[in-house]
Amino acid sequence: MKTLSTRIDAISDTDLATALNAFGCATIKGLLSPEQCEGISRLYSKDEPFRSHIHMARHGFGKGEYKYFSYPLPDLVTTLREKIYPKVDLSRFDAAPLIAFNATKETNYGNETHG
């Protein structure tokens, strides 16, 4: 099994930039292992790792919710930021792109496609 660092190193900088420029986000299938997805998704039900919890309907933005991690960030998130952000020319954006997780048990692990 490849390590997270190895999987991040394999991401095409060009494909990542193309997706960010076209859509404002990029999906990297197979980036996290099933265990990493499960571990990060288990945090969501807890209050301690987060500094705020946003309910979108309360602000007139439709359905759903999201949370902002508190500092220090979980090691997984820190690694993702430290390894992925240098791949992106951040000078092209008004703000640094966010790393958002869609951590589900459905995974395409081992069948990486980028962009």
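Just above, that's the structure.
On a predicted model such as this, the values are computed, not experimentally measured, just so you know.

> Help me out: how do you make sense of the pattern of salt bridges in this one?
Two side chains bearing opposite charge may form a pair once their charged atoms approach each other closely. With the rule as written, the count across this model stands at three salt bridges. Notably, a salt bridge pairs K83 with D9, separated by 3.0 Å at the nearest N-O pair. Here the residue K83 occupies a position in helix α4 (residues 75-84), and D9 occupies one in helix α1 (residues 4-9), the gap between them amounting to 74 residues. We classify K83 as partly exposed; its relative accessible area is 27%. R42 serves as the salt-bridge partner of E38, at 3.3 Å between the closest nitrogen and oxygen. On the criterion of helical spacing, the pair formed by E38 and R42 is a turn pair, its members being four residues apart in helix α3 (residues 34-42). Exposure remark for E38: the relative accessible area of 37% places this residue in the partly exposed category.

> I keep staring at unusual backbone geometry and nothing clicks. Help me out?
Cis rather than trans, the peptide bond between Y71 and P72 has omega equal to 0°. Positionally, P72 belongs in the loop between β2 (65-69) and α4.

> It is not clear to me how the environment of C25 should be interpreted in this structure. Could you clarify?
Within the fold, C25 resides in the loop between α2 (13-23) and α3. Setting aside chain neighbours within four positions, we find C25 in contact with A19 and L20.

> Even after reading the chapter, I still don't get the packing of aromatic side chains, so can you show me in this structure?
What describes a pair of aromatic rings is the distance from one ring centre to the other and the angle between the planes of the rings. A complete count under the given rule lists three aromatic pairs for this structure. Arranged with centres 5.5 Å apart and planes meeting at 75°, the rings of Y66 and Y68 form a pair that is edge-to-face. The partly exposed category is assigned to Y66, whose relative accessible area is 35%. Within the aromatic cluster, the residues linked to one another by ring pairs are Y44, F50 and F69. Across the ring face of Y44, the terminal group of K67 is positioned such that the distance to the ring centre comes to 4.4 Å.

> Even after reading the chapter, I still don't get a nonpolar patch on the surface, so can you show me in this structure?
A cluster of nonpolar residues, Y44, Y66 and Y68, forms a patch on the protein surface that exposes about 260 Å² of accessible area. Turning to its location among the elements, Y68 is positioned in strand β2. Residue class for Y68 comes out partly exposed when judged on its relative accessible area of 32%.

> Just to check I follow, could you spell out the nonpolar core for this structure?
One broad trend across soluble globular proteins is that nonpolar side chains are buried collectively. In terms of nonpolar packing, the biggest core is built from 19 residues, with L4, I8, L16, L31, L32, F69 and L80 touching the most fellow members. Elements that contribute at least two residues to this core include exactly α1, α2, α3 and α4. In terms of residues, this core owes the most to one element, α4, which gives four residues.

> Please explain the environment of K87 as it appears in this structure.
Along the chain, K87 turns up in the segment after α4. Here K87 falls in the buried class, since its relative accessible area comes to 16%. Separated by 73 residues in sequence, K87 and T14 have C-alpha atoms that sit 8.9 Å apart. For K87, the side chain forms a polar contact with the side chain of D13, separated by 2.7 Å.

About the cut-offs
Every chain begins its residue count from 1, and numbering advances along the sequence as written. Predicted model: local features are reported for residues with pLDDT of at least 70 only, side-chain atom pairs are reported and counted for 80 or more only, and whole-chain, interface and lining totals are derived from all residues. To obtain the side-chain values, all non-hydrogen atoms of the structure were used and water was disregarded. By convention in these notes, a salt bridge is any Lys or Arg side-chain nitrogen within 4 Å of a carboxyl oxygen on Asp or Glu. Only DSSP runs of H or I with at least four residues qualify as helices, and only runs of E with at least two residues qualify as strands; both kinds are numbered from the N terminus onward. Burial classes: relative accessible area under 20% of the type maximum marks a residue as buried, over 50% as exposed, and values in between as partly exposed (1.4 Å probe, protein chains only). Whether two residues touch is decided by their heavy atoms; if any such pair falls within 4.5 Å, the residues are in contact. Any two of the Phe, Tyr and Trp rings considered here, Trp counted by its six-membered ring, make a pair once their centres fall within 6.5 Å; the pair's planes then place it as stacked at under 30 degrees, edge-to-face at over 60, or tilted in between. To sit over a ring, a charge needs its Lys NZ or Arg CZ within 6 Å of the ring centre and within 35 degrees of the ring normal. For patches, a residue must show more than 30% relative accessible area and have no salt bridge; joins then use 9 Å for like charges and 5 Å for nonpolar side chains, namely Val, Leu, Ile, Met, Phe, Trp and Tyr. Using the Shrake-Rupley algorithm and a 1.4 Å probe, accessible areas are obtained, with residue cover drawn only from the displayed protein chains. Residues grouped as a nonpolar core are buried Ala, Val, Leu, Ile, Met, Phe, Trp, Tyr and Cys residues, joined through side-chain atoms within 4.5 Å. Here a polar contact is recorded for every N or O atom pair within 3.5 Å, except that within protein the pair must consist of a potential hydrogen donor and a potential acceptor, and residues adjacent in sequence are included only if both atoms are side-chain atoms.

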